[in-house]
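In case you want the letters, here they are:
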Amino acid sequence: NTMSIDINNYLSDNAKNMRRSAIRDLLSVANKPEIISFGGGFPNQDTFPVEDLKQIMNDLLTEEPHKVLQYGSTEGSVLLRQQLAKKYQADGLDVTEKNIVITTASQQAIDLVSRILINPGDTILCGLPSYLGALQAFYSYQANPVGIPKDEHAEVVVKTLCALGKKPKFIYAIPDYQNPTGVTMTMEQRQEIVEVAKKYDLIILEDSPYKEIRFDGESLPTIYSMCPERVILLGTLSKTFAPGLRLGWVLASEQVIEKIIVAKQSADLCTPILNQELAGRYIASGKFDENLKKTIALYRGKRDLMMECLEKYMPEGVTWTRPDGGLFMLVTLPEGLNSRDLFDLAIQENVAFIIGEVFFCDGGGQNTLRLNFSYVSDEKMVEGVKRLARATRKLMGLE
């Protein structure tokens, strides 16, 4: 019987600061077949263009196997970067493929940006609530995320932090159909963040995974378009195309891109080239845009259905956000109730969600929960909301 060693004695400070994903942990409880899950941010499988991809995959392996099965450049496929640049150019941005590096989905992009910008102890400014995967990355590089309360102005928070000698390194924002609330920043809020960044000399990290999944309202300009020299924009094909391909990107000045490329070289050399060429051809064919229209229509219907069901079954005192796009909404329970307690009751009712507090870097949000509406079938959604409402009534002592 050999003595086992305790790995904790050998870990780096970074590793000690890493936090497990509460979402992955909660989902592992919720993976029994009888459970209806509003947990993960999963796209609906009906949106995957399987037949088209079979055809393109076949073409690629027939025409250029020597290229698509080989190592690629760290910055990524020229075809895919050009196609993405074209989309931004159509929105009036002055960018080329040189402003883009392809990453292994946008989670890697968050990690790489954190790696090149964060020193241990740095303050990062973010929303309350904010995307958990980004908070995880910031923690793992020993940063201290500070949240901007909903009704507070960014400038007030920045000024206070500067006075304390804790000037933020950057502002992290998800302006469009934010995860977890589904809420969108107004034009005024976007302008305000840009003003604050200029005044206090900050960088803005604009995380934009949902922008194209718009149901209602007008499409607002990216923060990047308002201040390209200060903004690093992150995009992904996970929500608009297929998360299994793990394709994302960073759009930034060439100076920033250069640093991201160097950081990426030590991480994984390059994002899988086969996936990039597949996506590049798919977008170039025009089918991406056609398919996206269908995806948006599907998700709009699902959002409407979920809101209808919440309206119909949830007890008085429970409120929720009304997203104009994206995949999520945030439900708020009456003050004093805890969504962890609700989670246990919900699992007994065979329905799952993500507790809201994991998205709040200040430890708040105990009475909130995130619901995903893109993944489950319509009939499961109706049944799932009924189950959730039943658990909520039990929590509130109504049955």
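Each value, and the rule that gives it
Residues numbered from 1 in each chain as written. Predicted model: local features only at pLDDT ≥ 70, side-chain atom pairs only at ≥ 80, totals over all residues. Heavy atoms only, no water. Helix = DSSP H or I, 4+ residues; strand = E, 2+ residues; numbered from the N terminus. Rg over C-alpha atoms; globule rule 2.2 N^0.38 Å. Buried < 20%, exposed > 50% of the residue type's maximum accessible area, 1.4 Å probe, protein only. Contact = heavy atoms within 4.5 Å. Areas by Shrake-Rupley, 256 points an atom, 1.4 Å probe, with all protein chains shown as cover. Axes fitted to C-alpha atoms, helices over the stretch in contact; angles between N-to-C directions. Parallel < 35°, antiparallel > 145°, perpendicular 65-115°, else oblique. Left-handed = near helix turned anticlockwise from the far one by under 90°. Nonpolar A, V, L, I, M, F, W, Y, C, P; charged D, E, K, R; others polar. Pairing = 2+ DSSP bridges. Patch = residues over 30% accessible without salt bridge, like charges linked within 9 Å, V, L, I, M, F, W, Y side chains within 5 Å. Salt bridge = Lys/Arg side-chain N within 4 Å of Asp/Glu carboxyl O. Phe/Tyr/Trp six-rings, centres within 6.5 Å; stacked < 30°, edge-to-face > 60°. Arc of directions from axis to C-beta. 1 Å grid on protein atoms, 1.4 Å probe; cavity = no way out; pocket = protein on both sides within 12 Å on 5 of 7 lines; lining within 4 Å. Points joined across faces, edges and corners; volume = space filled by probe spheres on them.

Trainee: I'd like a rundown of the overall build of the protein, residues and numbers included.
Mentor: Within the protein one finds 15 helices and 13 strands. Relative to the 2.2 N^0.38 estimate, which gives 21 Å for 399 residues, the radius of gyration of the protein is 22 Å and therefore close to what a compact globule would have. By its C-alpha atoms, the protein is 65 × 65 × 55 Å across when sized along the principal axes. The buried share of the protein, reckoned over its 399 residues, is 53%. The long-range share in the protein, meaning contacts at least 24 apart out of those at least 6 apart in sequence, stands at 75%. When the accessible area of the protein is evaluated, it comes to approximately 18400 Å², of which 50% is carbon and sulfur surface.

Trainee: Could you give me a rundown of the packing of helix α8 (residues 154-163) against helix α9 (residues 187-200), with the residues and numbers involved?
Mentor: Packing of α8 against α9 leaves a shortest axis separation of 9 Å and a crossing angle of 25°. With respect to their mutual orientation, α8 and α9 come out roughly parallel. The interaxial crossing formed by α8 with α9 has right-handed handedness. Between α8 and α9, the residues in contact are A154, E155, V158, K159 and C162 and E192, V196, K199 and Y200, respectively. Residues of the contact of α8 with α9, tallied by class, amount to 5 nonpolar, no polar and 4 charged.

Trainee: Describe the pairing of strand β13 (residues 368-372), with residues and values.
Mentor: Taken across its 5 residues, β13 has 5 buried, putting it largely inside the fold. A two-sided burial pattern is seen for β13, the buried positions comprising T368, R370 and N372 on one face and L369 and L371 on the other. Where strand β10 (residues 328-332) lies against β13, 5 bridges are found, and the strand directions are antiparallel. Bridge pairing in β13 places F328 opposite N372.

Trainee: With reference to specific residues and values, describe the pairing of strand β2 (residues 100-104).
Mentor: With 4 of 5 residues buried, β2 lies mostly within the body of the structure. Where β2 meets strand β8 (residues 247-251), 5 bridges bridge the pair, whose relative direction is antiparallel. Across the sheet, V101 pairs through a bridge with V250, a residue of β8.

Trainee: Explain the packing of helix α3 (residues 50-63) against helix α12 (residues 273-284) to me, and be specific about the residues and the numbers.
Mentor: One can describe the packing of α3 onto α12 by two numbers: an axis separation of 10 Å at closest approach and a directional angle of 120°. One way to sum up the angle between α3 and α12 is to call them oblique. α12 is crossed by α3, and the crossing has right-handed handedness. The residues of α12 that touch α3, namely those facing D52, L53, I56, M57, D59, L60 and E63, are L274, E277, L278, R281 and Y282. A per-class count over the contact of α3 with α12 returns 7 nonpolar, no polar and 5 charged.

Trainee: Residues and numbers for a nonpolar patch on the surface, please.
Mentor: A surface patch of nonpolar side chains, amounting to about 370 Å² of accessible area, comprises I5, I7 and Y10. With respect to the helices, strands and loops of the structure, I7 is situated in the segment before α1 (13-17). Taking relative accessible area as the criterion, I7 reaches 51% and is therefore assigned exposed.

Trainee: Which residues make up the sheet that holds strand β6 (residues 203-207), and what are the values?
Mentor: The 7 strands are arranged β2-β8-β7-β6-β5-β3-β4 in an open sheet whose pairing can be described as mixed. Bordering the open sheet on either side are β2 and β4 (144-148), each of which pairs with just one other strand. Neighbour to neighbour, the strand axes of the sheet diverge by 25° on average, direction disregarded. Judged from the 4 bridges that link them, β6 and strand β7 (residues 231-236) form a sheet pairing that is parallel. Pairing of E206 across the sheet is with L233, part of β7. Across the sheet, helix α11 (residues 254-268) lies against β2, β7 and β8, angled at about 25° from β2, the strand it touches most.

Trainee: Run through the packing of aromatic side chains, naming residues and quoting values.
Mentor: Within this structure, the stated rule accounts for 9 aromatic pairs. Centre to centre, the rings of F138 and Y172 are 5.4 Å apart; their planes meet at 80°, and the pair counts as edge-to-face. Placement of the pair is F138 in helix α7 (residues 132-140) and Y172 in strand β5 (residues 170-173), with a sequence separation of 34 residues. Across this residue pair, the class does not change: F138 and Y172 are buried.

Trainee: Please give an account of α8 that cites residues and values.
Mentor: Among the residues making up α8, those that are buried are A154, V157, V158 and L161. Along the axis of α8, the buried residues cluster in a sector spanning 95°; they form a single face. When the buried face of α8 is taken as reference, the exposed residues oriented beyond 90 degrees from it are K159 and A163. The inward-facing, buried residues of α8 abut β3 (123-127), β4 and α9. Positive backbone phi, approximately 75°, marks G165, located one or two places after α8.

Trainee: Account for the layout of surface pockets, naming residues and giving values.
Mentor: Quantified by volume, the largest pocket comes out at close to 890 Å³. Forming the walls of the largest pocket are 36 residues, and the residues nearest its centre are L128, P129, I148, P149 and K150. Contributions of two or more residues to the lining of the largest pocket are made by β3, β5, α9, β9 (319-320) and β10. When residues of the lining of the largest pocket are assigned to their parent elements, the largest contribution, 4 residues, is made by α9. Counted by class, the lining of the largest pocket contains 17 nonpolar, 13 polar and 6 charged residues.

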